[in-house]
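# Fold and contact review
One letter stands for each residue in the lines below.
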Amino acid sequence: MSGPVAERLAEPSTREASRFLKALSGETQKTPPVWLMRQAGRYLPEYRELRARAGGFLDLCYTPDFATEVTLQPIRRFDLDAAILFSDILVVPHALGQNVRFVEGEGPRLDPVTSLGEFKRLRETIDLAMLSPVYETVSRVRSELSQNKALIGFCGAPYTVATYMVAGRGGDEQAPARLLAYREPETFQALMDMLVEASAAHLVAQLKAGADAVQIFDSWSGDLPPSEFERWSTAPIKALCDKVRAEVPDAKIIAFARGAGTKLGAFARAIPAQGFGIGTSEDPAAARAAVPSHIALQGAVDPIALVAGGPALDRAVDAVLDALSGFPLILNLGHGVRQQTPPEHVAQLVARVRSAG
């Protein structure tokens, strides 16, 4: 690797003071870093105002002026320890040639990929030029963030993205993808292999643009039985991490398989990541016992407790802090911030974490 990108990656980091990066380096801290999945979004009035001006959702994601502003809004309001790029996991299938659109009030809609013939109509490799506005947003955000704040890039895990590609929409069980995996495993494997390659290229581009770390979201694999979980979640995420590390050897990676439960230990031992997310339904103490002690855990406050606020939220934060104290920890939610969350409850959560240090 040579040129400006290599020079940037070779420069001594001035951001190692970030609590977030310290946690991913295995450091236990008196005050853990805090950020929230979906911390930028519809619960914030400033987001809703900007969203009304942006047009379609993908227009918001692909316009660096807008996406930069949305990414930074929760940092300005709550002084969180990390910003996460405002984008969407479905930009990857979009850049592979699948028709992706967002219907107001209903969510994403895609032209389903349900057969080998439909699969072959996709591009063989991801069109990174199509996603250049995303990488411009990463660079802009990194340049505007203070040096003690981290910037997180992300992608969806191959299985989770495949579920949307096959079903053509979101849904709790994503049965169409599971049926395709059982009935036509070779077709599904080919789709997964494509997504490993495409997602790795997307993450590497974000890291080269200035992201300090990346997170892989596997939102739907928790429903898979153990053998299918290993095949369709663990193995592809490992391959994805290996490909990222081949390009950026010191890449900081968090893997989040929501609902992994008792599968988390084996998942963490197989995946070369510095951090693992734990979901709302998982016992933080059990997760800590299952994952090597030098690896950071991230989570796992209930997003509904965040909606409730008050003493219930304090108890939820304290329970996670108590269960995971003495180990590397990134305080987060077990899933994303809900639309009906009062912004003052996010401020309460951050204050509770900081006061506990």
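Whatever comes next refers back to the structure up there.
Residues numbered from 1 in each chain as written. Predicted model: local features only at pLDDT ≥ 70, side-chain atom pairs only at ≥ 80, totals over all residues. Heavy atoms only, no water.

### As for the sheet that holds strand 9 (residues 329-333)
Note the cut-off: Strand pairing is assigned whenever DSSP detects at least two bridges linking the two strands. Counting from the N terminus, the helices are DSSP H or I runs at least four residues long and the strands are E runs at least two residues long. For helices, the axis comes from a line fit to the C-alpha atoms of the stretch in contact; other axes are also lines fit to C-alpha atoms, and the angle between any two N-to-C directions lies between 0 and 180 degrees.
Within the open sheet, the seven strands sit side by side as 1-4-5-6-7-8-9. Their pairing is parallel. Single-partner strands in this sheet number two, and they are strand 1 (82-84) and strand 9. Neighbour to neighbour, the strand axes of the sheet diverge by 25 degrees on average, direction disregarded. Alignment of strand 1 against strand 4 (residues 150-156), held across three bridges, turns out to be parallel. Pairing of Ile 84 across the sheet is with Ile 152, part of strand 4.

### Comments concerning unusual backbone geometry
Residues apart from glycine generally show negative phi values, whereas peptide bonds are mostly found in trans. The test is simple: Relative accessibility thresholds used throughout: buried, under 20% of the residue-type maximum; exposed, over 50%; partly exposed, between the two (1.4 Å probe, protein chains only).
Residue Gly 299 is joined to Ala 300 through a cis peptide bond whose omega torsion reads -10 degrees. Located in the positive-phi region is Asp 79, a residue other than glycine, with phi close to 55 degrees. Of note, Asp 79 is situated in the loop between helix 5 (64-78) and strand 1. According to the relative accessible area criterion, Asp 79 is partly exposed, its value standing at 40%.

### Details of empty space enclosed by the protein
Just so we agree on the cut-off: Whether a set of points on the 1 Å grid over the protein atoms alone is a cavity depends on a 1.4 Å probe fitting there but being unable to get out, while an open set qualifies as a pocket with protein on both sides within 12 Å along at least five of seven lines; lining residues are those with an atom within 4 Å of a point. Grid points are joined across faces, edges and corners, and a volume is the space filled by probe spheres set on the points. Each residue gets one label: Ala, Val, Leu, Ile, Met, Phe, Trp, Tyr, Cys and Pro are nonpolar, Asp, Glu, Lys and Arg are charged, and the others, such as Gly, are polar.
Under the counting rule described, the total for this entry stands at two cavities of 30 Å³ or more. By volume, the largest cavity amounts to about 40 Å³. Tyr 159, Arg 178, Ala 181, Tyr 182, Leu 224, Pro 225, Glu 228 and Trp 232 are the residues that line the largest cavity. Looking at the lining of the largest cavity, the elements with two or more residues in it are helix 10 (175-183) and helix 12 (226-247). It is helix 10 that contributes the most residues to the lining of the largest cavity, three residues altogether. Looking at the lining of the largest cavity residue by residue, the classes come out as six nonpolar, no polar and two charged. The computed volume of the second largest cavity comes to approximately 40 Å³. Lining the second largest cavity are Leu 85, Ser 87, Asp 88, Ile 89, Val 91, Val 92, Phe 154, Cys 155, Gly 156, His 202 and Gln 206. At the level of secondary structure, the elements contributing two or more residues to the lining of the second largest cavity comprise helix 6 (91-95), strand 4 and helix 11 (185-209).

### Overview of the side chain of His 202
How we decide: Only heavy atoms enter the contact rule, under which two residues are in contact if any of them lie within 4.5 Å.
With respect to the helices, strands and loops of the structure, His 202 is situated in helix 11. His 202 has contacts with Val 91, Val 92, Ile 126, Leu 128, Leu 131, Val 134, Tyr 135, Phe 154 and Cys 155, leaving out every residue within four places of it along the chain.

### Some points on the layout of surface pockets
Approximately 1,800 Å³ is the volume attributed to the largest pocket. If you go around the largest pocket, you meet 48 residues; those closest to its centre are Arg 38, Arg 42, Phe 57, Asp 88 and Pro 108. Listing elements by their share of the lining of the largest pocket, those giving two or more residues are helix 3 (45-54), strand 2 (100-103), strand 3 (107-110) and helix 15 (303-308). No other element matches the four residues that helix 3 contributes to the lining of the largest pocket. Each residue belonging to the lining of the largest pocket can be placed in one class, and the counts come to 22 nonpolar, 14 polar and twelve charged.

### Some details on helix 3
Note the threshold: In this description, the arc belongs to the directions extending from the helix axis to the C-beta atoms.
Buried residues of helix 3: Tyr 47, Leu 50, Arg 51 and Ala 54, and no others. For helix 3, the angular spread of buried residues about the axis comes to 105 degrees, placing them on one side. Across helix 3 from its buried face, at more than 90 degrees, point the exposed residues Glu 49, Ala 52 and Arg 53. Contact partners of the buried residues in helix 3: helix 4 (57-62) and helix 5.

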